Amino acid sequence: QVQLVESGGGLVQAGGSLRLSCAASGSTFGSYAVGWFRQAPGKEREFVAAVSWSGGTTSYADSLKGRFTISRDNGNNTVYLQMNSLKPEDTAVYYCARGAVGYTSSRPSNYNYWGQGTQVTVSS
């Protein structure tokens, strides 16, 4: 059974930074891509970023490039999302998800394990 636990969310002022962590159980964590998604109230879940199994390939939502950075530490079964220059519109619940394959994807249907989410609130 794979479990993903997000942490690092909280309240931050606009322009500030947060680093989210996604800790995973399971010895095969390093074989799969991991993605971050977010969902704001009243909106659909949207893709944020993803990292391939090795960490060698990353992908981002176009609107977030340059502000967010995804990385992974397979030795510690953890994936990180560094978020800089945060804006009020970044307010959402952020979820990490483990992919069904090793390459990155922006499609939620390509991820088969999900965490419970961590709330990020950016005040203006």
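Below: a short report on this structure. What you see is a predicted model; the values in this text were computed from it and never measured.

### Concerning the nonpolar core
Among soluble globular proteins, nonpolar side chains are generally buried collectively.
Right, so step 1: Ranked by internal contacts, the top residues of the largest apolar core, which has 33 residues, are Trp 36, Leu 81, Met 83 and Tyr 94.
Right, so step 2: Mapped onto this core, the elements with two or more residues apiece are β3 (18–24), β4 (34–39), β5 (46–51), β7 (68–73), β8 (78–83), β9 (92–99) and β11 (118–123).
Right, so step 3: With five residues, β5 is the single largest residue contributor to this core.
Right, so step 4: Those residues within four positions of Met 83 in sequence are excluded, and the remaining contacts are Gly 16, Ser 17, Leu 18, Leu 20, Arg 67, Phe 68, Tyr 94 and Val 120.

### A short note on the sheet that holds strand β1 (residues 4–7)
Picture the strands of a sheet paired through backbone hydrogen bonds; they go either parallel or antiparallel.
Right, so step 1: Judged by pairing direction, the sheet is antiparallel, and its four strands sit side by side in the order β1-β3-β8-β7 without closing on themselves. Each edge of the open sheet carries a strand with a single partner, namely β1 and β7. Sheet twist, expressed as the average angle between the axes of neighbouring strands with direction ignored, equals 15°.
Right, so step 2: Judged from the six bridges that link them, β3 and β8 form a sheet pairing that is antiparallel. If you follow Leu 18 over to β8, its bridge partner there is Met 83.

### Regarding the packing of aromatic side chains
Right, so step 1: All chains considered together, the criterion is met by four aromatic pairs.
Right, so step 2: Taking the centre distance of 5.0 Å and the plane angle of 50° together, the rings of Phe 37 and Trp 114 count as tilted. Of this pair, Phe 37 sits in strand β4 while Trp 114 sits in strand β10 (residues 111–114); the two residues are 77 residues apart in sequence, bridging distant segments of the chain.
Right, so step 3: Note on Trp 114: relative accessible area 27%, which makes it partly exposed.
Right, so step 4: With a centroid separation of 6.4 Å and an interplanar angle of 65°, the aromatic rings of Tyr 111 and Trp 114 are classed as edge-to-face.
Right, so step 5: With a relative accessible area of 5%, Tyr 111 lands in the buried category.
Right, so step 6: Through a chain of ring-to-ring contacts, the aromatic side chains of Phe 37, Phe 47, Tyr 111 and Trp 114 assemble into a single cluster.
Right, so step 7: The positively charged end of Arg 45 is found above the aromatic ring belonging to Trp 114, 4.8 Å away from the centroid.
Right, so step 8: It is Arg 98 that lies over the ring of Tyr 32; its NZ or CZ is 3.6 Å from the centre.

Calculation criteria
Residues numbered from 1 in each chain as written. Predicted model: local features only at pLDDT ≥ 70, side-chain atom pairs only at ≥ 80, totals over all residues. Heavy atoms only, no water. Core = buried A, V, L, I, M, F, W, Y, C linked by side-chain atoms within 4.5 Å. Buried < 20%, exposed > 50% of the residue type's maximum accessible area, 1.4 Å probe, protein only. Helix = DSSP H or I, 4+ residues; strand = E, 2+ residues; numbered from the N terminus. Contact = heavy atoms within 4.5 Å. Pairing = 2+ DSSP bridges. Axes fitted to C-alpha atoms, helices over the stretch in contact; angles between N-to-C directions. Phe/Tyr/Trp six-rings, centres within 6.5 Å; stacked < 30°, edge-to-face > 60°. Lys NZ or Arg CZ within 6 Å of the ring centre and 35° of its normal.

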